[in-house]
Amino acid sequence: MEAAARKANVMFVDDERRVLTSMRALFRRDYNVHLANSGDEALALLERQDMDVIVSDQRMPGMTGVDVLKACKQRAPRAMRILLTGYADKDAIAASINEGEVFRYLTKPCARETLRETVAMAVDAAGLGIPEAAPPTLEPDTAVGREAREAPTAPGADAPAPMPSPAATRAPAPAQSSPARGSAELLVLSTDGEFTTALEAALGTSYRIHSVANVEHAIAVLEDNPIGVLITDMAVNGDEVQALTTQLKHCVPELVTIVASDHSDAHRLIDLINGGQVFRFLLKPIKPKQTAIWIDSAIGKHLELVKNPRLVARHAVAAPASSSLLSLGDKLIRSLASRFLRTRGAAAAPGPRRRQGELPA
């Protein structure tokens, strides 16, 4: 006989007791609610109890919400993370992407229905996806492997490689890319030649890179090549980049997106988190070593999603509103999405339906 479904465990972290009391009252009928009055208390609770969703306030004494969610990501990578804050702090928002990898970023005052819907989405995502592995940045063939490759091993090994044209497409060196990793390519959407050149220098010949300067060309490259990571520069056109990011994430959640900009637009970043599930935010001018590690991690995430399509549910976003910006590319984007549907459908066999708030035991 199949084990009975259980209620999801949801933890709320806030330094204000009245807020925690409100959260308990709002969610106790649907979930097992756990309350933590500080970051330290949250981490101690996480040692004793497996959590499905963690909702943390940002501005707290001691550990900030980003600090809490970053630590939770390491200790309980399966748990979905939501950041709730009363102000739009661009540094905190960028950190929530790069360090906490939050599922959603909500600003106060947050309507009860919005909060309930967001938590319900997070619960479903936690239940449908198998536990994620340790962050790809720790894998030997990504960050550590890159560190080893960067270290000089022979006279002249630290000499810089010849610099290709920013618009060029380069093939990876077979000795540095395994067949699996080499099958995933990068697309850079930018009109900033210095940014593209710096990006290519940081990556060396680890990946095949396609560089384009507008959305139409980006869509064409996406249709014809096995792109695993899309790096978009907000300098191209903020509205078009945001529309492309959200549309692609809805149609092709296996595609991992990194956004670059020379400034942090708080409200734009919030929209990109919630609507596009961006994986990382690069502040220009980029830091080469950190950028290389993040892109390695993004490729690892893409390969993980392709290999385990059930994890796609953890990165689901709502269908974006129709946009005239992408009307010409909609057919191409949907064609791109069809590449993954067969694999996704075969791996995600239908299971018994659950009531809201219940997870498989």
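Every value quoted in this text rests on a predicted model; they were computed, and no experiment measured them.

Novice: Please explain the sheet that holds strand E2 (residues 9-13) as it appears in this structure.
Specialist: Adjacent strands of a sheet pair through backbone hydrogen bonds, lying either parallel or antiparallel. One open sheet accounts for five strands, arranged E3-E2-E4-E5-E6; its pairing is parallel. The outermost strands of the open sheet, each flanked by one partner alone, are strand E3 (32-36) and strand E6 (104-107). For this sheet the average axis-to-axis angle between neighbouring strands, irrespective of direction, equals 20°. Taken together, the four bridges between E2 and strand E4 (residues 53-57) define a ladder with parallel strand orientation. Bridge pairing links Met11 to Ile54 in E4. Each of E2, E3 and strand E5 (80-85) is contacted by helix H1 (residues 17-27), which is oriented at about 175° to E3, the strand it contacts most.

Novice: Explain the environment of Glu240 here, please?
Specialist: By the secondary structure assignment, Glu240 is in helix H10 (residues 238-251). The class for Glu240 is partly exposed, based on a relative accessible area of 21%.

Novice: What am I meant to see in the confidence of the model for the protein chain here?
Specialist: Do not read the predicted coordinates in detail wherever pLDDT is low. Considering every residue of the protein chain, the mean pLDDT works out to 77; 71% of them sit at 70 or more. Low pLDDT, under 50, characterises residues 129-181; the predicted model gives this stretch 87 contacts beyond four residues in sequence or across chains.

Novice: Is there a simple way to think about the nonpolar core in this case?
Specialist: Across soluble globular proteins, nonpolar side chains show a tendency to be buried alongside one another. Among the nonpolar cores identified, the biggest contains 51 residues, and Met11, Ile54, Leu187 and Leu189 are the most heavily contacted of them. Those residues in contact with Met11, other than ones at most four positions away along the chain, are His34, Ala36, Ala42, Leu45, Met51, Val53, Ile54 and Val55. Listed in part, the 24 residues of the second largest apolar core include Phe12, Met80, Ile82 and Leu84.

Novice: What is the right way to read the pairing of E5 from this model?
Specialist: Every other side chain in a regular strand lies on the same face of the sheet, so the side chains alternate between the two faces. The buried count for E5 comes to six of six residues, which makes it a mostly enclosed element. Burial of E5 is two-sided: the residues Met80, Ile82 and Leu84 facing one way and the residues Arg81, Leu83 and Thr85 facing the other way are all buried. Here E4 runs beside E5; their pairing, made up of five bridges, is parallel. Each bridged residue has a counterpart across the sheet, and for Val55 the counterpart in E5 is Ile82.

Novice: What should I look at first to understand the pattern of salt bridges in this one?
Specialist: Opposite charge on two side chains allows them to pair when their charged atoms are near. This model, assessed by the stated rule, comprises 15 salt bridges. A salt bridge links Glu101 to Lys73; the shortest N-O distance between them is 3.6 Å. With Glu101 in the loop between helix H4 (90-98) and E6 and Lys73 in helix H3 (residues 65-75), the pair connects residues that are 28 residues apart, well separated along the chain. Residue class for Lys73 comes out buried when judged on its relative accessible area of 10%. Between Glu185 and Arg208 there is a salt bridge, and its shortest N-O distance comes to 3.6 Å. Pair noted here: Glu185 is in strand E7 (residues 185-189) and Arg208 is in the loop between helix H8 (193-203) and strand E8 (209-212), with a separation of 23 residues, a long-range link. Exposure remark for Glu185: the relative accessible area of 10% places this residue in the buried category. When salt bridges that share partners are traced, they join Asp14, Asp57 and Lys108 into one network.

What counts, and where the lines are drawn
- Residues numbered from 1 in each chain as written.
- Predicted model: local features only at pLDDT ≥ 70, side-chain atom pairs only at ≥ 80, totals over all residues.
- Heavy atoms only, no water.
- Pairing = 2+ DSSP bridges.
- Helix = DSSP H or I, 4+ residues; strand = E, 2+ residues; numbered from the N terminus.
- Axes fitted to C-alpha atoms, helices over the stretch in contact; angles between N-to-C directions.
- Contact = heavy atoms within 4.5 Å.
- Buried < 20%, exposed > 50% of the residue type's maximum accessible area, 1.4 Å probe, protein only.
- pLDDT = per-residue confidence, 0-100.
- Core = buried A, V, L, I, M, F, W, Y, C linked by side-chain atoms within 4.5 Å.
- Salt bridge = Lys/Arg side-chain N within 4 Å of Asp/Glu carboxyl O.

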